[in-house]
Structures are given as C-alpha cells and as structure tokens.
Amino acid sequence: MRIPILKLHNYLLISIQIDLDDQTAIQFQEDLLSKIHESGATGVVIDLTSVDIIDSFIAKVLGDVVTMSDLMGAKVVLTGIQPAVAMTLIDLGIHLQDVPTALDLEQGLIKLRQELEE
Amino acid sequence: MDFQSCVNIKKEWDIVGARQLGRDISRKIGFGTVDQARIATTISELARNIYLYAGTGKVCFEALEDMNKKGIRIVATDDGPGIQDISQVMEDGFTTSGGLGAGLPGVKRLMDSFDIVSTEEEGTEISVVKWLR
C-alpha cells in the first residue's frame, strides 16, 4: 500500500487515511524523501486527522521522517493529531518534542509559511 | 459477555489485525475512544514485540465481567528466547532493536494491571487488564 503525496506549489501534502502497518510507514518515509528530492519542495504537511492509533514504532517513523526531511532542507509539520492519540502518546512516554505540529491542515500551512519566512 | 478470541502473530500485518480486533472488542465492551486507543496501542506494542523478538506467538482477548465492573484482558504469548532481565526492559528508553524503548513501560502506564512471566529459552507471557470506568 502506498500513501499518496500531493504537490502544491512549494509544498507537499499528505493525508494519512489508513491504519498504518510498519511496512507502509517505512515505504512512506522513503517515498516522501524521494518526492522532496525530485520536487524541491521546502515544506511538508502530514495530516493525521484520520489516524486513530500511533504506537511507538509509527511515532519513531514519523519523528525520523521529520528529522530526515529537515536534513534535506524541507520543514515538516504534523497536523490533526486526535485527542485520544495525543493522550496515548504521552502515556507511552513519547513526547515528539522537536516535531512541529498544528491543529489542522490550515494552521499547518500557516506555520510552514512562518517558519520558511524566518 | 464471556468469550475469548486470539490472533496468531506470524507476519507483520498481523500486528494491525490484532489491534483492529482488540479495538472492536473494546468498543463492544463499551470503552470510549481514548481507552480504545490505549487498548489498540497496547496490543500493537505487544504484538510487535512478539514479531520482532520471538518471530511468532499469539495475542488473546478476553472480555471480563463481574458484579460491578467490566474490562478486557489481553494476553500476549510467545515461545521466543525469553527476556534475560525484566527490570531492564521495563526501563523507559531501553531498546535492543533501535526503537524508542517505549513499548513495555508505556504499556504498563496505558493499562490498569500488568504481569509478565518470562523464562529464558522458553518464552514470554504478558497479561494486561484495562477496566471500564
């Protein structure tokens, strides 16, 4: 299964709408980095509104992809993390502290624009 | 409610299958969305540990009901190498697989009770319970 990555001007938009298995998550990591490379995108929004579980593995993959994209020169914002997911992550002891987040896609794009203008 | 169902963990996709079944069962028991997420995440962590460290095993669910409370018991069993030092794997951040080391200590925080029995060369059984509030 592949997660679609949409390009909009300098941004890449991803909405994860499936229950992520490990293989799909790893594949997504690779796909996103290649897409950043070939498109020259400077900002990425990963929307997690439809994701109702993030376990430690998926959290690691998401945290890593943010760091990896940053190394390549693209900023990533995670948006739409559900209340139940946020509570579960903290119980798990996962704080994703260095990961930029926003309430929804719209706020995420605003945050990206601000970060890229700085 | 008195039933038990199990999911065999043999391939990576079974992790997803196990947590989806566990979530369905917990919804039927009456857990809210936050506890459903806690239960599904717990199952995911336990099933992944089986897949990563033992190769194969199973995760079983049991709906619990007594006079005044309902809950779910999740039992993850494998015939893997066992855990040498249980206190070490219960430490936040300890990992041998390059993960976050959040799995077992995290599961303990997500659930109401947590029991682990592990024998070297024989396997591991982890049993957790979440009660409905």
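Residues numbered from 1 in each chain as written. Chains lettered and ligands numbered in written order. Predicted model: local features only at pLDDT ≥ 70, side-chain atom pairs only at ≥ 80, totals over all residues.

Participant: I'm lost on the overall build of chain B in this one. Help?
Facilitator: Assigned secondary structure in chain B consists of four helices and five strands. The order of α-helices and β-strands along chain B, N terminus first, is β-α-α-β-β-α-α-β-β. Relative to the globule expectation of 14 Å for 133 residues, the C-alpha radius of gyration of chain B, 14 Å, shows essentially globular dimensions. Taken over the C-alpha atoms alone, chain B extends approximately 40 × 25 × 25 Å along its principal axes. For chain B, buried positions account for 39% of its 133 residues. (Helix = DSSP H or I, 4+ residues; strand = E, 2+ residues; numbered from the N terminus. Rg over C-alpha atoms; globule rule 2.2 N^0.38 Å. Buried ≥ 20, exposed ≤ 12 C-beta atoms within 10 Å, placed from the backbone.)

Participant: What exactly am I supposed to notice about the environment of Thr-33 of chain B here?
Facilitator: All names here are of chain B. The residue Thr-33 is located in helix α2 (residues 33-54) in this model. Residue Thr-33 is classed as partly exposed on the basis of its 15 C-beta neighbours within 10 Å. As a C-alpha pair, Thr-33 and Arg-23 span 10 residues in sequence and 9.4 Å in three-dimensional space.

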